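Residue strings, one per chain:
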Amino acid sequence: MTGTTTYIAFLRAVNVGGRTVKMEQLRALFTELGLDDVRTYIQSGNVFFSTAEADRATLAARIERHLEQALGYAVPVMLRTVDEIAELVGSDPFAGVEVTPEIRLCVVFLSEPLPGDLEFPVRSPKGDWEILSATPGAAFTVLHLRGGRMNTNPATTFPKSYRGQGTSRFFHTVVKILAAARKS
């Protein structure tokens, strides 16, 4: 297809909190929208597709409306191109962070940039997370596990002034999503 873009849709609120969606159903919902080459990767709401639709915000809003209508609840959608994810992974946003059994590296995909007045790193009062840095489309968060458990959702670690949405993926999962998206 000429003039098409391959996107990765990172969906929030899929297969968590009792909201179960089979990947076959998710692929069908995206196909109903006229999107091409629809594929999913693991059960956490990662959908690959191609489209000639050029307006990303309009496309994301159209997908969100369709998913809410079909599933009965809001599903925020963060769209990124394969090249954007490759650039994110290549930037090595967690350089210098030693991964241990108590450390998890998370990318939080953002619907809009974080407030411009944030000074990084941003640390939680309890010391269970820190946002190292951010781009307009992603925040790079380190989680510090307590007793082997995460005590927070990385997508909810932003200041109250943030009015956007976020959905998180472990960094090693983002690397795998990129590899899967590059397969035809």
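Every chain's residues receive numbers from 1 upward, in the order its sequence appears when written. Since the coordinates come from a predicted model, pLDDT governs what is reported: local features require at least 70, and pairs of side-chain atoms require 80 or more to be given and counted, while whole-chain, interface and lining totals use all residues. Each side-chain value is worked out from all heavy atoms of the structure, with water and hydrogens disregarded.

As named in an unreviewed UniProt entry, the chain is DUF1697 domain-containing protein, taken from Kitasatospora sp. CMC57.

> Can you lay out the environment of leucine 35 for me, pointing to particular residues and giving the numbers?
Note on conventions: DSSP H or I runs of at least 4 residues are helices, E runs of at least 2 residues are strands, and numbering of each starts at the N terminus. Inspection of the secondary structure puts leucine 35 in the loop between helix H1 (23-32) and strand S2 (36-41). When the C-alpha positions of leucine 35 and phenylalanine 48 are compared, they lie 9.7 Å apart, and in sequence the two are 13 residues distant. Contacts between residues were defined by any pair of non-hydrogen atoms, one from each residue, lying within 4.5 Å. Not counting chain neighbours up to four residues away, the residues in contact with leucine 35 comprise Phe30, Phe49, Ser50, Thr51, Leu59, Arg62 and Ile63.

> Give a detailed account of the sheet that holds strand S1 (residues 5-11), specifying residues and quantitative values.
When DSSP finds at least two bridges between two strands, those strands are taken to pair. On the basis of which strands lie adjacent, the open sheet formed by 4 strands has the order S2-S3-S1-S4 and antiparallel pairing. A single partner strand is all that each edge strand has here, and the edge strands are S2 and strand S4 (77-81). Adjacent strand axes in the sheet meet at a mean angle of 25° when their direction is disregarded. By the bridge criterion, 6 bridges tie S1 to strand S3 (residues 46-51) in an arrangement that is antiparallel. The partner of isoleucine 8 across the bridge, within S3, is phenylalanine 48. Against the sheet, H1 engages S1, S2 and S3, with an angle of about 155° to S2. Think of each axis as a best-fit line through the C-alpha atoms, taken over the contacting stretch in the case of a helix, with angles from 0 to 180 degrees between the N-to-C directions. Sheet contacts for helix H2 (residues 56-71): S1, S3 and S4; angle to S4, the most-contacted strand, approximately 140°.

> Describe in detail the environment of glutamate 64, supporting the description with residues and values.
As for its placement among the helices and strands, glutamate 64 is situated in helix H2. Residue class for glutamate 64 comes out partly exposed when judged on its relative accessible area of 28%. Separated by 72 residues in the primary sequence, glutamate 64 and proline 136 place their C-alpha atoms 20 Å from one another. If we skip the residues at most four places from it in the chain, glutamate 64 touches Val75, Pro76 and Val77. Polar contacts here mean pairs of N or O atoms no more than 3.5 Å apart (in protein, one a potential hydrogen donor and the other a potential acceptor; neighbouring residues in sequence count only if both atoms are side-chain atoms). Here the side chain of glutamate 64 touches valine 77 through a polar contact of 2.8 Å, landing on its backbone nitrogen. Exposure is judged per residue with a 1.4 Å probe applied to protein chains only, and the accessible area is read against the type maximum: over 50% gives exposed, under 20% gives buried, and values in between give partly exposed.

> I'd like a rundown of the pattern of salt bridges, residues and numbers included.
Salt bridges, as used here, are contacts in which a Lys or Arg side-chain nitrogen is within 4 Å of a carboxyl oxygen on Asp or Glu. Overall, the coordinates contain 3 salt bridges when judged by the stated rule. In this structure, glutamate 53 and arginine 62 form a salt bridge, with 2.7 Å as the shortest nitrogen-oxygen distance. For glutamate 53, a relative accessible area of 23% gives the class partly exposed. The residue arginine 56 makes a salt bridge to glutamate 84 at a minimum N-O spacing of 2.8 Å. Pair noted here: arginine 56 is in helix H2 and glutamate 84 is in helix H3 (residues 82-90), with a separation of 28 residues, a long-range link. For arginine 56, a relative accessible area of 30% gives the class partly exposed. Glutamate 84 sits in the partly exposed class, given a relative accessible area of 31%.

> Tell me about the packing of H1 against H2, and please be specific about residues and values.
It is at 10 Å that the axes of H1 and H2 come closest, and there the two elements cross at 130°. The orientation of H1 relative to H2 falls into the category oblique. Considering only the axes of H1 and H2, their crossing is right-handed. Counting all contacts with H1, which are made through Gln25, Leu26, Leu29, Phe30 and Glu32, the residues of H2 involved are Ile63, His66, Leu67, Ala70 and Leu71. Of the residues assigned to the contact of H1 with H2, the class counts are 7 nonpolar, 2 polar and 1 charged. When an angle is under 35 degrees it counts as roughly parallel; over 145 it counts as roughly antiparallel; between 65 and 115 it counts as roughly perpendicular; any other value is oblique. Two helices that cross are described as forming a left-handed crossing if the nearer one is turned anticlockwise from the farther one by less than a right angle, and a right-handed crossing if clockwise. Throughout this entry, Asp, Glu, Lys and Arg are counted as charged residues, while Ala, Val, Leu, Ile, Met, Phe, Trp, Tyr, Cys and Pro are counted as nonpolar. The remaining residues, Gly among them, count as polar.

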